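Commentary on secondary and tertiary structure
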Amino acid sequence: MRTIVEGESSGETTVDSGVPQGTVLGPILFLCHINDLPDSVTSSVRLFADDCLLYRTIKNSQDQQKLQTDLEQLEIWADKWGMRFNAKKCYVLSINKKADKFYTLNKHILQEVQVNPYLGLQISNDLKWSFHINNISKKANATLGFLRRNLRNVPEACRKVAYISLVRSTMEYGATIWNPYMKGDIDKLERIQNRGLRFIKKNYRSRETGSITNMRRQLEMETLEERRHSLRLILIYKVVEGLVPALPADNFVIPARPK
C-alpha cells in the first residue's frame, strides 16, 4: 500500500493484516476474518463489528474456570489470526452480585465495573436503567443547548427537523429495551422534550396551563412516553410474526389461555 497526497506518492509497504478502512468489501472481509471466533470458546459470544461480548452463567468455581479458559482460548485465536484484544479496554460486569474471582486477558487483570456501555446502552450490574437515562439526558440537554445557540433565526420547520434528528433520536435509541417505569425517569425525559418544543416554537415565556400541550398539538408531535409505547408494540408484533430471528416467539411470548 502507499499514500498519495496532492500528486506526491509515498513509498510502498506491505500490509500483513487488517482491511482497508472505508472500502466496500472491508466490512465483509473483516466479518469473514472473525466469523469463527465463537467456535473457539464454550461460553456464549455476541459479535458486532469489532465488539466482542463473552458471557456465561456462573454458579460455582467450575464455571469461573471455564470462563477464564475461554478468555485464554480467545488469546490463542487472536494470535493465530494476527489480531489482539486490547485488555485495558476489556471489563468484567457481574450481574446481581460482585464477582469473587478475578479474570485475566493477555496477562492483564480485567477490571470489574458496575456499569459498562454496550452498543450505545449503559448496562448496569443491577440491570436498572437510571444511569443510562441520566447519561442520555445530559447528552440531549447539551445538544439542545447547542441548537438553541446556533439555530435561533432559521425557519420553524428547520428547528423541528434539527430537534427530531439530533435530540429526540438520542432519547429514543434502544428505548424498547430501557423504557422507564419510574415517574422520575419518565418526567426527566419529557422535560427535555418540553424545552425542545419551546425551542421549535421560539416561545420561552408562556407558562399557562396547557401551553406545552398546545405546542405539541400544533407541531403534531406525541409525548416521548406515547412514542415508546408504540415502539414496544411494534417490536412485540415483529416478535410474534417471526420477523426478529434473534427473538423466537416461542421463547419470549406466552399465548393467552382462552377464557
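See the structure printed just above.
Here the structure is a predicted model, which is why all the values come from computation and not from measurement.

Let's talk about helix α4 (residues 156-172)
Over its 17 residues, α4 runs 22 Å from end to end, which matches the ideal 24 Å to within 8%, given 1.5 Å per residue. At isoleucine 164, α4 is bent by approximately 35 degrees, the largest bend along its length. Of the residues making up α4, those classed as buried are Arg159, Ala162, Tyr163, Val167, Arg168, Met171 and Glu172. Looking at the packing, one finds that the buried side of α4 touches α3 (130-150), α5 (175-178), α6 (183-201) and α8 (224-240).

Comments concerning unusual backbone geometry
The phi angle at asparagine 106 is positive, at roughly 55 degrees, despite the residue not being glycine. Inspection of the secondary structure assignment puts asparagine 106 in the loop between β6 (104-105) and β7 (108-109). If you check the backbone angles, lysine 107 has positive phi at about 65 degrees while not being a glycine. When you line up the elements, lysine 107 lands in the loop between β6 and β7. Relative accessible area serves as the criterion here: at 86%, lysine 107 is assigned to the exposed category.

Details of the state of the cysteines
In total, this model carries zero disulfides according to the counting rule given. With no disulfide of its own, cysteine 32 lies 17 Å from the sulfur of cysteine 52, the closest cysteine sulfur. Here cysteine 52 is not cross-linked by a disulfide; its sulfur's nearest cysteine counterpart is in cysteine 90, at 8.2 Å. Taking the relative accessible area as the measure of exposure, cysteine 52 reaches 32% and is therefore partly exposed.

Quick look at the packing of α6 against helix α7 (residues 211-219)
Viewed as axis vectors pointing N to C, α6 and α7 meet at an angle of 65 degrees, and their least axial separation amounts to 10 Å. Here the hand of the crossing between α6 and α7 comes out left-handed. Judged by residue contacts, Gln193, Asn194, Leu197, Arg198, Ile200 and Lys201 of α6 engage Ser211, Ile212, Met215, Arg216, Gln218 and Leu219 from α7.

Observations concerning the nonpolar core
Counting residues in each nonpolar core, the largest one holds 23 residues, and the members touching the most others are Tyr163, Val167, Met171, Trp178 and Leu189. Mapped by element, the contributors of at least two residues to this core are α3, α4, α5, α6 and α7. Sequence-distant contacts of leucine 189, defined by excluding residues within four places in its chain, comprise Ile133, Ile136, Ser137, Met171, Trp178, Pro180, Leu224 and Arg228. Counting 16 residues, the second-largest nonpolar core is a separate cluster that includes Val41, Leu71, Phe85 and Val92.

Reading the values: rules and limits
Residues numbered from 1 in each chain as written. Predicted model: local features only at pLDDT ≥ 70, side-chain atom pairs only at ≥ 80, totals over all residues. Heavy atoms only, no water. Helix = DSSP H or I, 4+ residues; strand = E, 2+ residues; numbered from the N terminus. Expected span 1.5 Å × (residues − 1). Bend = angle between axes of the 7 residues up to and from the residue. Buried < 20%, exposed > 50% of the residue type's maximum accessible area, 1.4 Å probe, protein only. Contact = heavy atoms within 4.5 Å. Disulfide = S-S within 2.5 Å. Axes fitted to C-alpha atoms, helices over the stretch in contact; angles between N-to-C directions. Left-handed = near helix turned anticlockwise from the far one by under 90°. Core = buried A, V, L, I, M, F, W, Y, C linked by side-chain atoms within 4.5 Å.

Don't take any of this as a statement about function, it's just geometry.
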